[in-house]
Amino acid sequence: MLSRCLRSISRIPGNLILITLSHYIPKPQNNIPCHRITASLTSVSVLTCKRPNTVPLQVRSVATIVDPAARFDEMVIGPQRKYYFLGGKGGVGKTSCAASLAVKFADHGHPTIVISTDPAHSLSDSFAQDLAGGDLVPIEGLNSPLFALEINPEKAKEDFRTSSQKNGGSAVKDFMNNMGLGMLADQFGDLKLGELLDTPPPGLDEAIAISKVMQIVESSQYSMFSRIVFDTAPTGHTLRLLSLPDILDASIGKIMKFKQKLASAASTFKSVLGKAAEQQDVPDKLQQLRERMTKVRDLFRDSNSTEFVIVTIPSVMAINESSRLHASLRKECVPVHRLIVNQILPPSVSGCKFCTTKRKDQMRAIDMIRNDPELANLRIIEADLVDLEIRGVPALKFMGDIVWR
Ligand SMILES: Nc1ncnc2c1ncn2[C@@H]1O[C@H](COP(=O)(O)OP(=O)(O)OP(=O)(O)O)[C@@H](O)[C@H]1O
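Basis of the calculations
Residue numbering note: each chain is counted from 1, following its sequence as written. With the structure being a predicted model, the display of local features is reserved for residues of pLDDT at least 70 and the display and counting of side-chain atom pairs for 80 or more, all residues being used for whole-chain, interface and lining totals. Each side-chain value is worked out from all heavy atoms of the structure, with water and hydrogens disregarded. Nearness here has a simple test: a residue counts as near a molecule or strand if at least one of its heavy atoms is within 4 Å of that partner. For the purposes of these results, a polar contact is taken to be a pair of N or O atoms within 3.5 Å, where, inside protein, one atom must be able to donate a hydrogen and its partner to accept one; residues adjacent in sequence count only when each atom of the pair is a side-chain atom. With residues, only the protein chains shown are counted as cover, and all accessible areas are computed by Shrake-Rupley using a 1.4 Å probe. All amino acids are sorted into three groups, where Ala, Val, Leu, Ile, Met, Phe, Trp, Tyr, Cys and Pro are nonpolar, Asp, Glu, Lys and Arg are charged, and the leftover types, Gly among them, are polar. Runs of E in the DSSP output that reach at least two residues are strands. Runs of H or I that reach at least four are helices, and both are numbered from the N terminus. Expected span, for any helix, means 1.5 Å times one less than how many residues it has. Note on classification: 1.4 Å probe, protein chains only; a residue is buried when its accessible area is under 20% of the maximum for its type, exposed when over 50%, partly exposed between these limits. Directions from the helix axis toward the C-beta atoms define the arc. In this analysis, two residues are considered to be in contact whenever any of their non-hydrogen atoms come within 4.5 Å of each other. By convention a nonpolar core is built from buried Ala, Val, Leu, Ile, Met, Phe, Trp, Tyr and Cys residues, the set being connected through side-chain atoms within 4.5 Å.

Novice: How would you explain the site of the ligand if you had to name every residue and give the values?
Specialist: In the vicinity of the ligand, 17 residues are found, and the nearest of them are Gly91, Lys94, Thr95, Ser96 and Asn342. Here an oxygen atom of the ligand and a backbone polar atom of valine 92 are 3.1 Å apart. The separation between a nitrogen atom of the ligand and a polar main-chain atom of valine 386 is 2.9 Å. Protein chains bury 76% of the 640 Å² of accessible surface belonging to the ligand in isolation. Classifying every residue of the shell around the ligand by side-chain character gives six nonpolar, eight polar and three charged.

Next comes the structure, spelled out in structure tokens:
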């Protein structure tokens, strides 16, 4: 029907298409409501509806070109492991979207892990199950394996401090092994590092999260899981997490150079004293850690295996923050294809004035997305505000069907 009424389609800046319709067109006979006609590109919003069975004489609307690869079908294809990070401003629905994605993957037969890297976790609340222990917990009520983990930096720091105080080096070694950093234990084990945690350096929470991520990426214990979903902390924390491997890589590089300089100074000193110069060990362990960091860093940037999904709500503040987040992710070369606009008020059927005004504000905010150079090219997924609490597997399945299409 759209093709009969179509006057022109033209490409305009921002990877948008301008569709101009030139006739009255009858209201679609199927269940598509009058205010929305679905074109194959994306939804085309009609401005007003003058008569019950017609749409206005001329409809000028813009539609974003949808990357066909940015659909849910594409997310489930293939047995090879994929990583999905869900992030955005506080309270927009990151946890609900991450948990519902994990449930949907499991429902499609993918053994899945969902991990919260947010120190203020809400994954337990979302699944209505206690996940606070810092270990993988099986989620009940699903046919395929779904495990959840809340990374608990406070518990990790406490364990580290206690083990360091109790047993000097040996328990620290066990602890570092558990965190996937066993190779460093020999070097640092007897330094009573636990005492450092009385004044933890900035970024330690993220470092603990990264070490856990490295463990999951590398350990054969987790190799059966083909989808890993991360529920990340609000924006600033997450950007620190993603850039940490780079920072650590640079720091390790500096430590290695310093060690080499010390080694060559020691060797010169010994030869001046007439002693035979000893062959210095290459700092293998630091090099290995550096390689592991590089692997994690590359993984965050590999569009074949990783995607960062931005979650937002239709408010000016949230959209501005999403725009800045996308700019930062682009700078870090982290792949982003879709933006979830969550908690959209459906049109009021009861004539509620507050709802109508609020929805108008939301629609204006959504228009901002279409004109934002950072966000306009993403696949925009609109998810309504629903009248039930998104809590427990059945509610997450319901949410998943709204968001992950
Ligand atoms: N589409 C929706 N409809 C109704 N309620 C929703 C929707 N999305 C999220 N919520 C509710 O909003 C609240 C916040 O959601 P959620 O915890 O997923 O956000 P978050 O971004 O992870 O928050 P935080 O930054 O605090 O971790 C929860 O009570 C959740 O049930």
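Let's pick the thread back up.
Novice: Explain helix H12 (residues 353–371) to me, and be specific about the residues and the numbers.
Specialist: For H12, with 19 residues, the first-to-last C-alpha span of 28 Å sits near the 27 Å given by 1.5 Å per residue. Within the sequence span of H12, burial applies to Arg359, Gln362, Ala365, Ile366, Ile369 and Arg370. The arc enclosing the buried residues of H12, seen along the axis, measures out at 155°, which places them on a common side. Residues of H12 that are exposed and angled more than 90 degrees away from the buried face: Lys353, Lys360, Arg364 and Asn371.

Novice: Please give an account of the side chain of glutamate 374 that cites residues and values.
Specialist: Residue position: glutamate 374 is located in the loop between H12 and strand S15 (379–384). With sequence-adjacent residues up to four places away left out, glutamate 374 is seen in contact with Ser323, His326, Ala327 and Arg330.

Novice: Please give an account of the nonpolar core that cites residues and values.
Specialist: Here is a general trend for soluble globular proteins: nonpolar side chains tend to be buried in one another's company. Membership of the largest hydrophobic core comes to 37 residues, with the highest contact counts inside it found for Ile115, Ile228, Phe308 and Leu339. Ranked by residue count, the leading element in this core is helix H8 (residues 204–218), at seven residues.

Novice: Tell me about helix H3 (residues 94–107), and please be specific about residues and values.
Specialist: The terminal C-alpha atoms of H3 lie 20 Å apart, and with 14 residues this matches the ideal 20 Å at 1.5 Å per residue to within 8%. Most of H3 is tucked away: 13 of the 14 residues are buried. Directly after H3, the chain includes glycine 109, whose backbone phi takes a positive value near 90°.

Novice: Can you lay out unusual backbone geometry for me, pointing to particular residues and giving the numbers?
Specialist: Outside of glycine, negative phi angles account for most residues, and trans bonds account for most peptide bonds. The backbone of alanine 128 shows a phi angle near 55°, a positive value even though the residue is not glycine. Relative to the helices and strands, alanine 128 resides in the loop between helix H4 (123–127) and strand S10 (137–138). Exposure remark for alanine 128: the relative accessible area of 42% places this residue in the partly exposed category.

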